[in-house]
Amino acid sequence: MRKLALDVGDKTIGVAVSDELLLTANGVTTIERVGIRKDAGKVMDYINEFNCDTVVVGLPKKLDGTDSIQTEKVYEFKTMLENKLKSSSMAHIAVVFQDERLTTVMAEKVLIEADVSRKKRKAVIDKQAAILILQGYLDKLAFEKSNNKE
C-alpha cells in the first residue's frame with residue numbers, strides 16, 4: 001500500500017504520495033487551508049483515492065531539535081486527523097511524524113535549479129517539501145528493511 005505525506009503550513013498543506021513499490025515520492029497537490037476539520041477531511045479523501053496505509057506528517061522542529069510554534073500546530077493537526085480517522089472506517093491508517101528540518105529550504109533550491117519563477121515557486125513549494133518529506137521516509141524504510149535482512 002502507498003504512503004501519503006503532508007507538509008502542513010498555516011496557509012497550505014503540501015501533499016505527496018509514494019508509488020506502489022515504495023521507491024519514489026510524487027507530488028499530488030497543495031491544499032488551501034480552510035479549517036482544521038475540513039483540511040483533515042480533504043486529506044482523508046486523498047488517503048482513499050490513493051489507497052494509502054500510512055500518512056507521514058512533516059514535523060517542523062527547530063534546528064536544535066526543540067519545538068516551535070509551528071510544531072505545536074502540526075501536533076494539533078495530527079491529533080485532529082487521527083481522531084477523524086478513528087471515527088470513520090479508517091482507524092487502521094497509521095499517522096507518523098518525519099523530521100522535516102530544512103525540507104522547505106531544499107525544496108526551494110530544487111525549484112530554483114529547475115529555473116522555476118518566484119511566483120510559481122510559491123505555488124508549489126509546499127508540494128515539493130512534501131515530496132522531500134516522503135522520500136526521506138521511504139529511504140528510511142528501505143534502509144531499515146535492508147538492515148533487517150542481514
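Trainee: Provide a residue-level description of the overall build of the chain, including the pertinent values.
Mentor: Secondary structure summary: the chain contains four helices and five strands in total. When the helices and strands of the chain are listed from N to C terminus, the series reads β-β-β-α-β-α-β-α-α. For the chain, with 150 residues in total, the buried portion stands at 41%. Long-range pairs, those at least 24 residues apart, make up 62% of the contacts in the chain with a sequence separation of at least 6. For the chain, the exposed area adds up to about 8600 Å²; of that, 52% sits on carbon and sulfur atoms.

Trainee: How would you explain the pattern of salt bridges if you had to name every residue and give the values?
Mentor: By the definition in use, this model includes six salt bridges. Residue Glu20 pairs with Arg2 through a salt bridge whose shortest N-O separation is 3.9 Å. Residue Glu20 is located in the loop between strand 2 (12–18) and strand 3 (25–32), and its partner Arg2 is located in strand 1 (residues 2–8); the two are separated by 18 residues in the primary sequence. Put simply, Lys3 and Asp53 hold a salt bridge, and the shortest N to O gap is 2.8 Å. In this pair, Lys3 is assigned in strand 1 and Asp53 in strand 4 (residues 52–59), connecting sequence segments 50 residues apart. We classify Lys3 as buried; its relative accessible area is 8%.

Trainee: Can you explain the sheet that holds strand 5 (residues 94–99)? Please cite residues and give values.
Mentor: The strand order 3-2-1-4-5 describes an open sheet built from five strands, whose pairing is mixed. Looking at the sheet topology across the chains shown, the edges are occupied by strand 3 and strand 5. Between one strand axis and the next, the sheet turns through 25° on average, direction left out of account. Judged from the five bridges that link them, strand 1 and strand 2 form a sheet pairing that is antiparallel.

Trainee: Describe in detail unusual backbone geometry, supporting the description with residues and values.
Mentor: We note that Leu22 has phi near 60°; this positive angle belongs to a residue other than glycine. By the element assignment, Leu22 lies in the loop between strand 2 and strand 3. For Leu22, a relative accessible area of 26% gives the class partly exposed. Even without glycine at this site, Asn51 takes up a positive phi of about 55°. As for its placement among the helices and strands, Asn51 is situated in the loop between helix 1 (36–50) and strand 4. For Asn51, a relative accessible area of 47% translates into the label partly exposed.

Trainee: Tell me about the nonpolar core, and name the residues and values.
Mentor: Judged by nonpolar contacts, the single largest core of 25 residues is most densely connected at Leu4, Leu6, Ile47 and Leu81. Within the residue set of this core, elements represented by two or more residues are strand 1, strand 2, helix 1, strand 4 and helix 2 (69–86). Counting residues per element, this core draws most heavily on helix 1, at six residues. Among residues more than four places away in sequence, those in contact with Leu6 are Ile13, Gly14, Val15, Val43, Val55, Val56, Val57, Gly58, Phe77, Leu81, Ala130 and Ile133. Counting 10 residues, the second largest nonpolar core, distinct from the first, contains Ala16, Ala25, Ile131 and Leu138.

The rules behind the values
- Residues numbered from 1 in each chain as written.
- Predicted model: local features only at pLDDT ≥ 70, side-chain atom pairs only at ≥ 80, totals over all residues.
- Heavy atoms only, no water.
- Helix = DSSP H or I, 4+ residues; strand = E, 2+ residues; numbered from the N terminus.
- Buried < 20%, exposed > 50% of the residue type's maximum accessible area, 1.4 Å probe, protein only.
- Contact = heavy atoms within 4.5 Å.
- Areas by Shrake-Rupley, 256 points an atom, 1.4 Å probe, with all protein chains shown as cover.
- Salt bridge = Lys/Arg side-chain N within 4 Å of Asp/Glu carboxyl O.
- Pairing = 2+ DSSP bridges.
- Axes fitted to C-alpha atoms, helices over the stretch in contact; angles between N-to-C directions.
- Core = buried A, V, L, I, M, F, W, Y, C linked by side-chain atoms within 4.5 Å.

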